[in-house]
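A closer look at the structure
Chain residues, written in single-letter form:
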Amino acid sequence: MILALIIACEAGFWVLLAAGLAVRYLLRRRRLSTVLLLCEPVLEVVLFVVTVVDLRGGAEPDWQHGLAALYIGFTVAYGHYTITWLDGHAAHRLAGAPRPPKPPRCGAARAAHEGRLWLRTVLAAAVAAALLQGGIWYIGGDGDASTLRSFQGTALRAVAIHGLIALSYALFPKRPKGAPEGSALPAGDPQDVARGQVGDPRKDEEQVR
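Conventions and cut-offs
- Residues numbered from 1 in each chain as written.
- Predicted model: local features only at pLDDT ≥ 70, side-chain atom pairs only at ≥ 80, totals over all residues.
- Heavy atoms only, no water.
- Helix = DSSP H or I, 4+ residues; strand = E, 2+ residues; numbered from the N terminus.
- Buried < 20%, exposed > 50% of the residue type's maximum accessible area, 1.4 Å probe, protein only.
- Contact = heavy atoms within 4.5 Å.
- Areas by Shrake-Rupley, 256 points an atom, 1.4 Å probe, with all protein chains shown as cover.
- Expected span 1.5 Å × (residues − 1).
- Core = buried A, V, L, I, M, F, W, Y, C linked by side-chain atoms within 4.5 Å.

Before going further, it helps to spend a moment on the overall build of the chain. From N to C terminus, the chain includes 7 helices and 0 strands. Each helix (α) and strand (β) of the chain, taken in turn from the N terminus, gives the series α-α-α-α-α-α-α. In the chain, buried positions account for 31% of the 209 residues. Taking contacts inside the chain between residues at least 6 apart in sequence as the whole, the part at least 24 apart equals 68%. For the chain, the computed accessible surface area is about 13,800 Å², with 64% contributed by carbon and sulfur atoms.

Put into structure tokens, the structure is as follows:
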């Protein structure tokens, strides 16, 4: 039952998101759109309540309960980010708004971007681990909470793996196309090069003469 509810919540998330953006930019009803988008967190609340009720009803904690905690943590950390990203693209395509800026592709800016995403993963893992710990305390010493503890480990591994990926962008920054070896500066147009970094062609001609 929990797995079916997780799938239903995921489907409901995208249905509400699509409906909210369509109402906002096609029907021009911003208030109704806001109401639809604010219904998104209700899905996570429903999943949380049903999971608690299932455990209170005597169900043995298994991987479905652990997956529910991970799902809730992910939507808490990345749900608003996803909605904002898609809202910007919908506004551009349907309402003539400027194209949303793309994430930086190289250098320190890309490393900072990846670091911010990693912090979201940390938040997701923290929420999931807290929910799992609540389940462990609720079960007490009489029940088998090994599955919930294993999902806590899964959350920590996700943080570690994403952290290594984010760190790689800082330790091995990608250079912009056209930048010389050993330079982290983007290649610029000739008129952008400061006077004094290249020779004055008139002086060069005088030296030749």
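So, on to helix H5 (residues 107-139). Helix length check: H5, at 33 residues, gives a terminal C-alpha distance of 48 Å against a target of 48 Å (1.5 Å per residue), a fit within 8%. Downstream of H5 by one or two residues, Gly140 has phi in the positive range, about 80 degrees.

Further remarks concern the nonpolar core. With 18 residues, the main nonpolar core has Ile6, Cys9, Phe13, Leu17, Leu47 and Tyr71 as its most contacted residues. Those elements that place two or more of their residues in this core are helix H1 (2-25), helix H3 (40-56) and helix H4 (63-95). Contact partners of Ile6, with chain neighbours within four places excluded, come to Leu47, Gln64, Leu67, Ala68 and Tyr71. Among the nonpolar cores identified, the runner-up in size contains 7 residues, and Ile136, Ile139, Ala145 and Leu148 belong to it.

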